[in-house]
Amino acid sequence: LDACVFFSASMGRLGADFTSLLPPLFEEKMHHLVVHYWKEGANQLNETLRICREAGVASPLSSSAAVPPTLTSQGSDVGDGDGGPMPPPRQLMTMPPLGRLVNAFLTGLNELRRCLLPGIFNQLRASLEEIIAEIEVILQSNERTVMTPGLRGEAAELRAKAKEMREAMTNIVVPYVRGALELSLGNEAGARAHHQTLMDFLKPPLEVPEEVPVEEEKEEEKVEEPQQA
């Protein structure tokens, strides 16, 4: 883009400045490039779920990785405490397919570093919502399919994982990728709102100490000793 703008400015000396024609060309290309990674992530998720259903195995859908109780060590709601972007929630380490999906979203957003034009802001937001809706349909369809009687293999594990992934998509992946997009577009307030929603969900509940009832002290009854005659 910089080279084209420089060339256009040079042509302006001859009365042929075409700078105004450049943004639509680069906006369309950048939008297509970013959304391509998002769609690839959705397709990979769908293919993984299909293979696991047909094979009757649930092990590729889960991991035994340990998950820390908090989202970040610094407790930041937008970044990592050093002004950088918020890292992916570590809870996704237990669900590799969703972890790869989030990586696909972030890979697409990294492409915006090449050329970020204001004209694609609303297009990216709309495309993100479309792909989120598509992924939710994939997960709902997967859950209905594994609930069908007669599923062979690790049926119980597949059913439990299908429900867990659908809930994680709604409560973890969606607010995170929405916040990541807003932060990539420079909207820190919007990113903070989405990431705060995520942190509220991941925050462990406060343990309320149980109230120990105070028993009223009972006065000991005095036993009168019989008097000797």
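None of these values were measured; they are calculated from a predicted model.

What counts, and where the lines are drawn
Residues numbered from 1 in each chain as written. Predicted model: local features only at pLDDT ≥ 70, side-chain atom pairs only at ≥ 80, totals over all residues. Heavy atoms only, no water. Core = buried A, V, L, I, M, F, W, Y, C linked by side-chain atoms within 4.5 Å. Buried < 20%, exposed > 50% of the residue type's maximum accessible area, 1.4 Å probe, protein only. Helix = DSSP H or I, 4+ residues; strand = E, 2+ residues; numbered from the N terminus. Contact = heavy atoms within 4.5 Å. Expected span 1.5 Å × (residues − 1). pLDDT = per-residue confidence, 0-100.

Asks: What is the right way to look at the nonpolar core in this model?
Replies: Soluble globular proteins: nonpolar side chains tend toward being buried together. By size, the foremost hydrophobic cluster in this structure holds 46 residues, and its most contacted members are W38, L98 and I135. Looking at this core, the elements with two or more residues in it are α2 (22-55), α3 (96-110), α4 (121-146), α5 (155-184) and α6 (188-202). When residues no more than four places from it in sequence are discounted, the contact partners of L98 are L45, L92, M165, A168, M169 and V173.

Asks: Help me understand α4 in this model?
Replies: Residues separated by three or four positions in an α-helix point in the same direction, a consequence of the helix having 3.6 residues per turn. Relative to the 38 Å expected for 26 residues at 1.5 Å per residue, α4 spans 38 Å between its end C-alpha atoms, a close match to the ideal helical length. The set of residues buried in α4 consists of L124, S127, L128, I131, I132, I135, I138, L139, N142, E143 and V146.

Asks: Before we go on, may I ask you to explain the confidence of the model for the protein chain in this structure?
Replies: Note: predicted coordinates in regions of low pLDDT should not be interpreted at a detailed level. For the protein chain, per-residue confidence averages 79 on the pLDDT scale, and residues scoring 70 or more make up 69% of the total. Helix α1 (residues 2-11) is the least confidently modelled element of the protein chain, averaging 55 in pLDDT, while α4 averages 95, the highest of any element. Here residues 70-82 is a poorly scored stretch, pLDDT under 50, and it has 29 contacts once near neighbours within four places are set aside; other chains count.

Asks: Would you mind going over the side chain of E111 with me for this structure?
Replies: Within the secondary structure, E111 sits in the loop between α3 and α4. In contact with E111, not counting residues within four places along its chain, are M30, L33, V34 and Y37.

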